[in-house]
Amino acid sequence: MLVHVGSCPRLSPLAPPPATCDDAVMPRRRPDTRYIKTEDDVHIGYQVVGDGPYDLVVSDGWLSNVDANWDLPPLADFLAKLAERARVIVFDRRGFGVSDRPSSLESMSIEKGMDDMRAVMDAAGSERAAVFGFEDGCAVSLLFAGSYPARTLGLILGAPVVSYWRTEDFPWGWTRADAEEWDRRIAEQWGTVDFWRWNTSYIDQADEEQLAAWARYSRLCASPQAALAIEQVERQIDVRSVLGQILTPTLVVAKEVDRDMKPGSAAPWVAEQIPSARFVEIPGPEHVFLADDARFFEELDRFVAGIREEQAVLDRVLATVLFTDIVDSTQRAVELGDRAWRELVQRHHAAVRSILARYRGTEVDTAGDGFFATFDGPARAVRAAQQILGAMRTLGLEVRAGVHTGEVETIDGKAAGVGVVIGARIGALARPSEILVSRTVRDLVAGSGLTFEDAGEHELKGVPDRWHLYRVRE
């Protein structure tokens, strides 16, 4: 994701203006790069550096290469400064750096990024960590913190990107003209000195050595096709609807220069939306964070030191609920008779449970003739619903389904709360062989390949306001 300075997009994730180096200038030992293979057979490259008293997972922005990071002294210095106070875990998002380039946009979704973060933490032996997201890396960080509060010590959001496009209610986003110009530059100039000469005012345009260093770094991060692919995925980012449900202690930071930059100028607004968040502006003319940003490290240390284990609210998580129901079940029971109907319902239950296991769903209840299940990702819930509808057709049954992502509480060992009520109400509105989802679900499945039709606004019994719903297309 790129930040625009005026009409000119910016370049970097955590990286400050680069300079070339050799081992004589930067003698520090490079950390070993390791791989973890994900459930969908994608290899994610990661590194662990430092041995501080807490773990810090870095969810980087638009560019990433865990090996090439150490070729840029300012970036290497910043990571080393983090490693003085924490055990730092860095990884390349799928599609970039040393990680695999997936063959489809669907496998590069935000939800997959959340899965990758969890897999890397598992591989690094990290049970709980502070999560530092930068720019669009904040979207993944937010979903992770909401879905896995027990594994998130705290959340640090740097110049957070929570939505891509500029709208009336979000004036910090990008215009269509911005996106078109950016695509053209990637297609024609990616990995060249000309690209970086045009791209930002942070590099000394007269310093050909620095320009060449960034050109090489970008080639090591991604090919032009990979850069365009991830850009298409990220244009679907919109996690604004979950900000109010993040209960993890959160520090939102942005540089002073971000007041006039996109999307850094949205940082104060983002902090206002998160109940547990505090915003801090870091002085300095650079958008990126540098090793000599003393105020940043002071705030980071103060934030982590102030977090206590008992402050975590572990009985509430961000989860996706799925409700399914057999259509005209009473009529079918009368037609078939008790014994045949009971056998058909048993086959229905077995098929649904098999699909839930495949998509990591957790069965909560089988009230009536349907299922209530929870998922740690909205795309998985929708895929499971599609599979359930298809499987039921082979049994001669029609099913309706509703999906919603929201705050779910644990009451007496079961999922409950307003998020559950909303999901149930949405499911009740669905027609035979239809899957209805809330707007939150539609916004969060960026890059999943799922498509939707507008199903209009509806009143949900017992729930305030009108809710915009969407129909999942085949």
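Definitions and cut-offs
- Residues numbered from 1 in each chain as written.
- Predicted model: local features only at pLDDT ≥ 70, side-chain atom pairs only at ≥ 80, totals over all residues.
- Heavy atoms only, no water.
- Phe/Tyr/Trp six-rings, centres within 6.5 Å; stacked < 30°, edge-to-face > 60°.
- Helix = DSSP H or I, 4+ residues; strand = E, 2+ residues; numbered from the N terminus.
- Buried < 20%, exposed > 50% of the residue type's maximum accessible area, 1.4 Å probe, protein only.
- Lys NZ or Arg CZ within 6 Å of the ring centre and 35° of its normal.
- Pairing = 2+ DSSP bridges.
- Axes fitted to C-alpha atoms, helices over the stretch in contact; angles between N-to-C directions.
- Contact = heavy atoms within 4.5 Å.
- Polar contact = N/O pair within 3.5 Å; in protein donor to acceptor, adjacent residues only side chain to side chain.
- Expected span 1.5 Å × (residues − 1).
- Arc of directions from axis to C-beta.
- Nonpolar A, V, L, I, M, F, W, Y, C, P; charged D, E, K, R; others polar.
- Salt bridge = Lys/Arg side-chain N within 4 Å of Asp/Glu carboxyl O.

Peer 1: Provide a residue-level description of the packing of aromatic side chains, including the pertinent values.
Peer 2: Scanning all chains against the criterion turns up 20 aromatic pairs. Plain terms: the ring middles of Phe132 and Phe296 are 5.7 Å apart, the flat faces sit at 35° to each other, and that makes the pair tilted. Of this pair, Phe132 sits in strand β7 (residues 129-134) while Phe296 is found in helix α9 (residues 294-305), placing the two residues 164 residues apart along the sequence. Among the residues examined, Phe132 registers a relative accessible area of 2% and is labelled buried. Taking the centre distance of 4.8 Å and the plane angle of 70° together, the rings of Tyr164 and Trp165 count as edge-to-face. Among the aromatic residues, ring-to-ring pairing joins Phe78, Phe132, Phe134, Phe289, Phe296 and Phe297 into one connected group. Its end group placed over the ring of Trp165, Arg176 keeps NZ or CZ at 3.8 Å from the ring centre. One residue, Arg442, lies across the ring of Tyr470, its end atom 4.5 Å from the ring centre.

Peer 1: Describe the sheet that holds strand β8 (residues 152-158), listing the residues and the values that go with them.
Peer 2: Judged by pairing direction, the sheet is mixed, and its 8 strands sit side by side in the order β3-β4-β6-β5-β7-β8-β9-β10 without closing on themselves. Two strands bound the open sheet, and with one partner strand each, they are β3 (33-37) and β10 (277-282). For this sheet the average axis-to-axis angle between neighbouring strands, irrespective of direction, equals 25°. With 5 bridges connecting them, strand β5 (residues 55-59) and β7 associate as parallel partners. Paired with Ser59 across the bridge in β7 is Gly133. Along the sheet, helix α1 (residues 73-83) makes contact with β4 (43-49), β5, β6 (87-91) and β7, crossing β6 at roughly 140°. Sheet contacts for helix α3 (residues 137-147): β5, β7 and β8; angle to β8, the most-contacted strand, approximately 155°.

Peer 1: Help me get a handle on the side chain of Ser448, residues and values and all.
Peer 2: Structurally, Ser448 can be placed in the loop between α14 (439-444) and β17 (452-459). When its relative accessible area of 2% is taken as the criterion, Ser448 is described as buried. Within the structure, Ser448 has its side chain in polar contact with the backbone oxygen of Val445 (distance 2.8 Å). Only 3.3 Å separates the side chain of Ser448 from the backbone nitrogen of Leu450, close enough to count as a polar contact. In this structure Ser448 touches Glu106, Ser109, Ala379 and Arg383, once residues within four positions along its chain are discounted.

Peer 1: So what's going on with the side chain of Gln189? Residues and values would help.
Peer 2: Mapped onto the secondary structure, Gln189 falls in helix α4 (residues 176-189). Look at Gln189 and you get buried, because its relative accessible area is 17%. Among all residues touching Gln189, those that are not within four sequence positions of it are Asp194 and Phe195.

Peer 1: So what's going on with helix α11 (residues 338-358)? Which residues, and what values?
Peer 2: An α-helical turn contains 3.6 residues, so a residue and the one three or four places further along point in the same direction. Relative to the 30 Å expected for 21 residues at 1.5 Å per residue, α11 spans 30 Å between its end C-alpha atoms, a close match to the ideal helical length. Where the residues of α11 are buried, they touch β11 (316-326), α10 (329-336), β12 (362-365), β13 (372-375) and α12 (378-394). Residue Arg360 follows α11 closely and has a positive phi angle near 60°.

Peer 1: Could you give an account of helix α7 (residues 224-234), naming the residues involved and the relevant values?
Peer 2: Here α7 has its buried residues at Ala226, Ala227, Ile230, Glu231, Val233 and Glu234. The buried residues of α7 occupy an angular sector of 160° when projected down its axis, which confines them to one face. In this fold, the buried residues of α7 make contact with α4.

Peer 1: How would you summarise the environment of Asp376 if you had to cite specific residues and measurements?
Peer 2: Summarising the element assignment, Asp376 is placed in the loop between β13 and α12. Considered as a pair, Asp376 and Val321 are 55 residues apart in the sequence and their alpha carbons are 9.0 Å apart. Excluding residues that lie within four positions of it along the chain, Asp376 makes contacts with Met114, Arg118, Ser147, Tyr148 and Arg360. Within polar-contact distance, the side chain of Asp376 engages the side chain of Arg360 at 3.2 Å.

Peer 1: How would you sum up the packing of helix α2 (residues 110-123) against α12? Please name residues and give values.
Peer 2: Interhelical geometry of α2 versus α12 gives an angle of 115° and a closest axis separation of 8 Å. On α12, the residues touching Glu111, Met114 and Asp115 of α2 are Pro378, Ala379 and Arg380. Across the contact of α2 with α12, the residue classes break down as 3 nonpolar, no polar and 3 charged.

Peer 1: Give a detailed account of the pairing of β4, specifying residues and quantitative values.
Peer 2: The element β4 is largely enclosed, with a buried count of 6 among its 7 residues. Between β3 and β4, which pair antiparallel in sequence order, lie 5 residues; one of them, Asp41, sits at a positive phi of approximately 65°. Sheet analysis places β4 next to β6, joined by 4 bridges and oriented antiparallel. Bridge pairing in β6 links Val49 to Val88.

Peer 1: Explain the environment of Val161 residue by residue, including any values.
Peer 2: Structurally, Val161 is set in the loop between β8 and α4. Owing to a relative accessible area of 0%, Val161 belongs among the buried residues under this scheme. Sequence separation between Val161 and Cys138 is 23 residues, and the spatial gap between their C-alpha atoms is 6.4 Å.

Peer 1: Could you give an account of unusual backbone geometry, naming the residues involved and the relevant values?
Peer 2: In terms of backbone geometry, most residues other than glycine have negative phi values and most peptide bonds are trans. Its identity is not glycine, yet Asp328 carries a phi of approximately 55°, on the positive side. Tracing the sequence through the fold places Asp328 in the loop between β11 and α10. A positive phi is found at Asp465, a non-glycine position, where the angle reads about 70°. Residue position: Asp465 is located in the loop between β17 and β18 (466-472).

Peer 1: Explain the pattern of salt bridges to me, using residue names and the numbers behind them.
Peer 2: Overall, the coordinates contain 45 salt bridges when judged by the stated rule. Between Arg380 and Glu111 there is a salt bridge, with its nearest N and O atoms 3.4 Å apart. Linking Arg380 in helix α12 with Glu111 in helix α2, this pair joins segments that are 269 residues apart in sequence. With respect to burial, Arg380 and Glu111 carry one shared label: buried. A salt bridge links Arg380 to Asp115; its shortest N-O distance comes to 2.6 Å. Placement of Arg380 in helix α12 and of Asp115 in helix α2 is noted, with a sequence separation of 265 residues between them. One exposure class covers both Arg380 and Asp115, and it is buried. Shared partners join several salt bridges into a network, and the residues in it are Glu39, Glu111, Asp115, Arg118, Arg360, Asp376 and Arg380.

None of the figures reported here should be taken as evidence of function without further support.
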